[in-house]
Amino acid sequence: MANRIGVVGGDGIGPEVISEGLKVIQASGIDLETVEYDLGGERYERDGTILPESVLEEWRDLDAIYLGAVGTPNVPPGVIERGLLLKMRFELDLYINLRPFVFPEDEIDFQVVRENTEGPYAGEGGVHRLGTPYEIATQGSVNTRHGVERAVRFAFELAMERRRHLTMVHKTNVLSFAGDLWDRTFNEVSEEYPEVETAYNHCDAACIYMVQSPQQYDVIVTDNLFGDILTDLGGAVSGGIGTASSANLNPTKTGPSMFEPVHGSAPDIAGQGIANPVAAILSGAMMLDFLGEQNAASRIVEACNKLDPGITGTIEIGNAIASNL
Ligand code: IPM
Ligand code: MN
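Calculation criteria
Residues numbered from 1 in each chain as written. Chains lettered and ligands numbered in written order. Predicted model: local features only at pLDDT ≥ 70, side-chain atom pairs only at ≥ 80, totals over all residues. Heavy atoms only, no water. Helix = DSSP H or I, 4+ residues; strand = E, 2+ residues; numbered from the N terminus. Buried < 20%, exposed > 50% of the residue type's maximum accessible area, 1.4 Å probe, protein only. Contact = heavy atoms within 4.5 Å. Areas by Shrake-Rupley, 256 points an atom, 1.4 Å probe, with all protein chains shown as cover. Lys, Arg positive; Asp, Glu negative; His and termini not counted. Charge placed at Lys NZ, Arg CZ, Asp CG, Glu CD. Core = buried A, V, L, I, M, F, W, Y, C linked by side-chain atoms within 4.5 Å. Near = heavy atom within 4 Å. Polar contact = N/O pair within 3.5 Å; in protein donor to acceptor, adjacent residues only side chain to side chain. Axes fitted to C-alpha atoms, helices over the stretch in contact; angles between N-to-C directions. Parallel < 35°, antiparallel > 145°, perpendicular 65-115°, else oblique. Left-handed = near helix turned anticlockwise from the far one by under 90°. Nonpolar A, V, L, I, M, F, W, Y, C, P; charged D, E, K, R; others polar. Pairing = 2+ DSSP bridges. Right-handed = clockwise from strand over helix to strand, strands pointing away. Bend = angle between axes of the 7 residues up to and from the residue.

J.: Tell me about the overall build of the protein, residues and numbers included.
T.: When helices and strands are counted, the protein shows 11 helices and 12 strands. Taking the principal axes of the C-alpha coordinates as reference, the protein spans close to 50 × 50 × 40 Å. A buried classification covers 50% of the 325 residues belonging to the protein. Sequence-distant contacts, at least 24 apart, represent 73% of the contacts inside the protein between residues at least 6 apart. Surface summary for the protein: the accessible area is close to 14,500 Å², and the carbon and sulfur share equals 51%. Charged side chains of the protein number 22 positive and 48 negative; the gap between the two group centres comes to 3 Å.

J.: Which residues make up the nonpolar core, and what values do they have?
T.: Leu98, Val113, Leu166, Val221, Phe259 and Ile321 are the most contacted members of the largest nonpolar core, which totals 56 residues. With 9 residues, the single largest contributor to this core is helix H9 (residues 278-290). The contacts of Val113, once residues within four sequence positions are left out, are Ile96, Asn97, Leu98, Ala151, Phe154, Ala155, Leu158, Val219, Ile220, Val221 and Thr222. Formed by 19 residues, the second largest nonpolar core is a distinct cluster that contains Trp59, Leu62, Val75 and Met258.

J.: Let's hear about the site of ligand 1: which residues, and what values?
T.: Surveying the vicinity of ligand 1 reveals the residues Glu81, Leu85, Arg89, Arg99, Arg114, Tyr121 and Asp228. Between an oxygen atom of ligand 1 and a side-chain N or O atom of Arg89, the distance comes to 2.7 Å. Contact distances for ligand 1 include 2.9 Å between an oxygen atom and a side-chain N or O atom of Asp228. Taken by itself ligand 1 offers 320 Å² of open surface, and the protein chains cover 76% of this. At 3 residues, helix H4 (residues 79-91) tops the list of elements feeding residues into the shell around ligand 1.

J.: Account for the packing of helix H5 (residues 145-161) against helix H6 (residues 176-190), with residues named and values stated.
T.: Direction vectors running N to C along H5 and H6 enclose 45°, while the axes themselves pass 9 Å from each other. When the axis of H5 is compared with that of H6, the two are oblique. In this structure, the crossing between H5 and H6 has a hand that is right-handed. Facing H5, whose interface residues are Arg145, Val148, Glu149, Val152, Arg153 and Phe156, H6 presents Leu181, Trp182, Thr185, Phe186, Glu188, Val189 and Ser190. Split into classes, the residues belonging to the contact of H5 with H6 amount to 7 nonpolar, 2 polar and 4 charged.

J.: Please provide a residue-by-residue account of the environment of Asn3, values included.
T.: The residue Asn3 is located in strand E1 (residues 3-10) in this model. Between the C-alpha atom of Asn3 and that of Leu288, which follows or precedes it by 285 residues, the distance is 9.6 Å.

J.: Can you lay out the pairing of strand E9 (residues 197-202) for me, pointing to particular residues and giving the numbers?
T.: For strand E8 (residues 165-170) and E9, the ladder comprises 6 bridges, and the chain directions are parallel. Across the sheet, the residue bridging to Thr167 is Ala199, located in E9. As for the winding sense of the linkage, the β-α-β connection from E8 through H6 to E9 is right-handed.

J.: So, helix H11 (residues 314-324): which residues are in play, and what are the values?
T.: Here H11 has its buried residues at Thr314, Ile317, Gly318, Ala320, Ile321 and Ala322. Tucked into the core, H11 has its buried residues touching helix H1 (14-27), H9 and helix H10 (294-305).

J.: Provide a residue-level description of H4, including the pertinent values.
T.: The sharpest bend along H4 comes to roughly 25°, located at Leu85. When we look at burial in H4, the residues that qualify are Ile80, Gly83, Leu84, Leu85, Leu86, Met88 and Arg89. Following H4 by one or two positions, Asp93 adopts a phi angle in the positive range, close to 50°.

J.: Run through the environment of Ala27, naming residues and quoting values.
T.: By the element assignment, Ala27 lies in helix H1. You can call Ala27 partly exposed: its relative accessible area is 39%. Sequence separation between Ala27 and Trp182 is 155 residues, and the spatial gap between their C-alpha atoms is 43 Å. Among all residues touching Ala27, those that are not within four sequence positions of it are Ala322 and Leu325.

J.: Got a sec to walk through the side chain of Gln111? Specific residues and values, please.
T.: By the secondary structure assignment, Gln111 is in strand E5 (residues 108-115). The exposure class assigned to Gln111 is buried, which follows from its relative accessible area of 14%. Excluding anything up to four places from it in sequence, Gln111 contacts Leu98, Arg99, Pro100, Leu158, Arg162, Asp218, Val219 and Ile220.

J.: Requested: an account of the pairing of strand E12 (residues 257-261), with residues and values cited.
T.: The side chains of a regular strand alternate, residue by residue, between the two faces of the sheet. The buried count for E12 comes to 5 of 5 residues, which makes it a mostly enclosed element. Because side chains alternate across E12, one face comprises the buried residues Ser257, Phe259 and Pro261, and the other comprises Met258 and Glu260, equally buried. When strand E3 (residues 64-69) meets E12, the two strands line up parallel, connected through 3 bridges. Bridging from a neighbouring strand, Ile65 pairs with Met258 of E12. Relative to E12, strand E11 (residues 245-249) runs antiparallel, the two sharing 4 bridges. By the bridge assignment, Asn248 is partnered in E12 with Met258.

Structure follows, in structure tokens:
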């Protein structure tokens, strides 16, 4: 039976790159039943809809969601991000954001396990005396033992399948409450995985190492905000953000997982047919892998690796990858 996939092309270059992703998946011989959802900044500007409860309920019965990018320049920051993307991550309990970075030219091959439902993203905080000279804004970081431990465990399991090296990234020297919880959890879980060599980097130092010697990393586990920042940097050092893929996973598979490129809607280059679809195509491969289609997934990855770097244009790149299959 074909897997049922919700498709959210979204805004800007989102629909352009997703259509190449779907083209490549089809060319790999995998049959998906797709249901399109018109959501994102444009839809919000048109009729105020962000993410209806009924859509969320429909999604719970899907096998996966394939998302391009959401966000338009005229909508204030946070509306679509919190109302759609983060709501999806939280409501569907997509607690792992897995972001692989592979760049054979420089022998880079590491994966970031970003905790995806807590930290400063949780929405804790508020504002008091808004707009006055005495305004106060707080924005706390929420870290639960349960949330941290499941991310850490996922990362150890991943390291076991790879080169058995795991680095925790945090800022334990300053964020002493959250950092201590992360640190203790990491050390306790590590005792169950004696084969995995562990390391710890403060996030600022990790930024240096990621630029100077990204080859040292195998698996990184980190909190939601550090992971957000570090994975843009990861993209920049490993072939560009146009190639960075991601999986928002509910590893328990009690509901759908969501697959999206790391990049955003890039309104500055939308509609010109020049966006790089590789990140979306590789995110599609991660989706197939998670759905049990490992063979098609690795064929797509290989086809992307074989791409002639001289080829430009969204559709041209998509066609070339499809014909490399
Ligand atoms: C990402 C994005 C999102 C995030 C934004 C759009 C809310 O930057 O997926 O990395 O911060 O998680
Ligand atoms: Mn980001």
